[in-house]
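Structure assessment
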Amino acid sequence: MSHRLTIKEALTQAADLLTDSDSSLLDSEVLLAHVLKKTRSYFRAWPEKVLTPNELKAFQHLIEQRKTGQPIAYLTGEREFWSRSFNVSPDVLIPRPDTELLIDIVQENFSPDQAFSILDLGTGSGIIAITLALEFKNATVTAVDISEKALSMAKKNARQHKADHIQFILSSWFKNIPKNRFDLIISNPPYISPNDQHLREGDVRFEPNSALIAQDNGLDDFKKIITKASVFLNPKGTILLEHGFQQGAIVKNLLESSGFVQIRHYQDIQGHVRATLGKKP
Ligand code: GLN
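Below is a summary of the structure that appears in this document. Along each chain, residues carry numbers from 1 onward, in the same order as the chain's sequence is written. Selection of residues for local features in this predicted model requires a pLDDT of at least 70, selection of side-chain atom pairs for listing and counting requires 80 or more, and totals for whole chains, interfaces and linings are taken over all residues. Working from all heavy atoms in the structure, the side-chain values ignore hydrogens and water.

**Digging into helix α4 (residues 53-67)**
Because an α-helix packs 3.6 residues into every turn, residues spaced three or four apart end up facing the same way. Over its 15 residues, α4 runs 21 Å from end to end, which matches the ideal 21 Å to within 8%, given 1.5 Å per residue. Turning to α4, its buried residues number three or more, namely Leu56, Phe59, Gln60, Leu62, Ile63 and Arg66. Buried residues of α4, seen end-on, are gathered within an arc of 160° and therefore sit on one face of the element. Among the exposed residues of α4, those pointing more than 90 degrees away from its buried face are Asn54, Lys57 and Glu64. The contact criterion used throughout is that any non-hydrogen atoms of two residues lie within 4.5 Å. In this description a helix means any DSSP run of H or I spanning at least four residues, a strand means any run of E spanning at least two, and both kinds are numbered starting from the N terminus. Looking at the buried side of α4, the elements it contacts are α1 (7-17), α2 (24-36) and α5 (72-76). Just beyond α4, the residue with positive phi is Gly69, at close to 105°. Working rule for helices: expected span equals 1.5 Å times residues minus one. Accessibility here uses a 1.4 Å probe with only protein chains present; expressed as a share of the type maximum, an area under 20% marks a residue as buried, one over 50% as exposed, and anything in between as partly exposed. Throughout, the arc means the angular range of directions from the helix axis out to the C-beta atoms.

Structure (structure tokens):
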């Protein structure tokens with residue numbers, strides 16, 4: 001590549017290189033915006049601006065990494081969730097828009113000023129715990145993860161968003177949770193079967209297996225969570241789980257077998273059942 005390129009030229013050249021991406025120009029723009037610390041609209045205003053050699057070098061380095069399949073979110077170190085930016089790294093799952101469904105459901109079931117206690121199991125980057133802490137000012141939030149690195153990322157995100165009152169606990173599911181009783185247990189646990197071929201495609205190849213994969217056909221962690229959840233819930237407490245689009249019926253069965261009632265499925269915008277809620281009697 002030549003040393004003096006305009007924004008427009010650099011973007012075109014980069015997009016041509018990213019032959020495996022189905023959003024090659026967008027990817028290039030997001031990565032250049034990251035290097036220049038600008039928004040993408042800047043490129044529309046200043047397409048002829050010449051990049052400095054350092055800017056170009058940094059950009060080309062990111063494009064090379066993107067070409068190997070590295071997720072955009074790991075290259076820029078951030079991803080938006082519920083209109084807030086969260087820090088991410090390969091130690092945590094990349095926030096998915098799908099998971100915003102869980103926030104919608106909590107808003108449907110709890111009022112904004114309600115004082116209630118929430119336990120987020122497998123918090124990862126902290127998106128669920130932090131979003132709920134910010135949207136429900138009177139809620140007390142506890143967030144758990146088995147990964148120390150994930151927890152420190154979640155704490156960093158909590159500080160950045162001034163979600164000061166979240167209690168973070170290093171724990172494998174309920175193991176280190178004091179026998180508190182919660183009003184809501186919420187989780188987006190690993191639920192992909194180890195032999196699911198999607199694990200060999202796209203961003204998931206670079207994400208932590210521990211956040212994606214569950215033994216027993218993707219059900220192992222649901223079983224661990226659901227069988228113990230009752231002990232940690234107040235009477236009439238709620239459990240809410242994200243799951244794969246074909247797991248609704250089995251998650252319902254597991255909840256029923258553990259004594260949960262008033263079970264409800266929720267669909268994502270594509271009409272897939274992606275979350276299931278149950279209540280302790
Ligand atoms: N929904 C994610 C995916 O299918 C997986 C998230 C999870 O396992 N909790 O890529």
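Let's pick the thread back up.
**Considerations on the nonpolar core**
If you look at the biggest cluster of nonpolar residues, it comprises 34 residues, and the most contacted ones within it are Val106, Ile166, Ile186 and Leu240. For this core, the secondary-structure elements that each account for two or more residues are α6 (100-109), α7 (127-135), β4 (140-145), α8 (148-160), β6 (182-187) and β9 (273-279). The residues touching Ile166, leaving out its near neighbours within four places in the chain, are Ala129, Ile130, Ala133, Val141, Ala143 and Ala158. With 30 residues, the next largest nonpolar core counts Phe174, Phe182, Leu199 and Phe232 among its residues. Buried Ala, Val, Leu, Ile, Met, Phe, Trp, Tyr and Cys residues that are joined via side-chain atoms within 4.5 Å together make up what is termed a nonpolar core.

**Quick word on the sheet that holds β6**
The strand order across the open sheet built from seven strands is β5-β4-β3-β6-β7-β9-β8, with neighbouring strands paired in mixed fashion. The strands lining the two open edges of the sheet, one partner per strand, are β5 (167-170) and β8 (261-267). Direction aside, neighbouring strands of the sheet carry axes that sit 15° apart on average. Simply put, an axis is a line fit to the C-alpha atoms, just over the touching stretch for a helix, and the angle between two N-to-C directions goes from 0 to 180 degrees. Sitting on the sheet, helix α11 (residues 220-229) is in contact with β3 (117-121), β6 and β7 (233-242), with an inclination near 170° to β7. When DSSP locates at least two bridges between a pair of strands, those strands are taken to pair.

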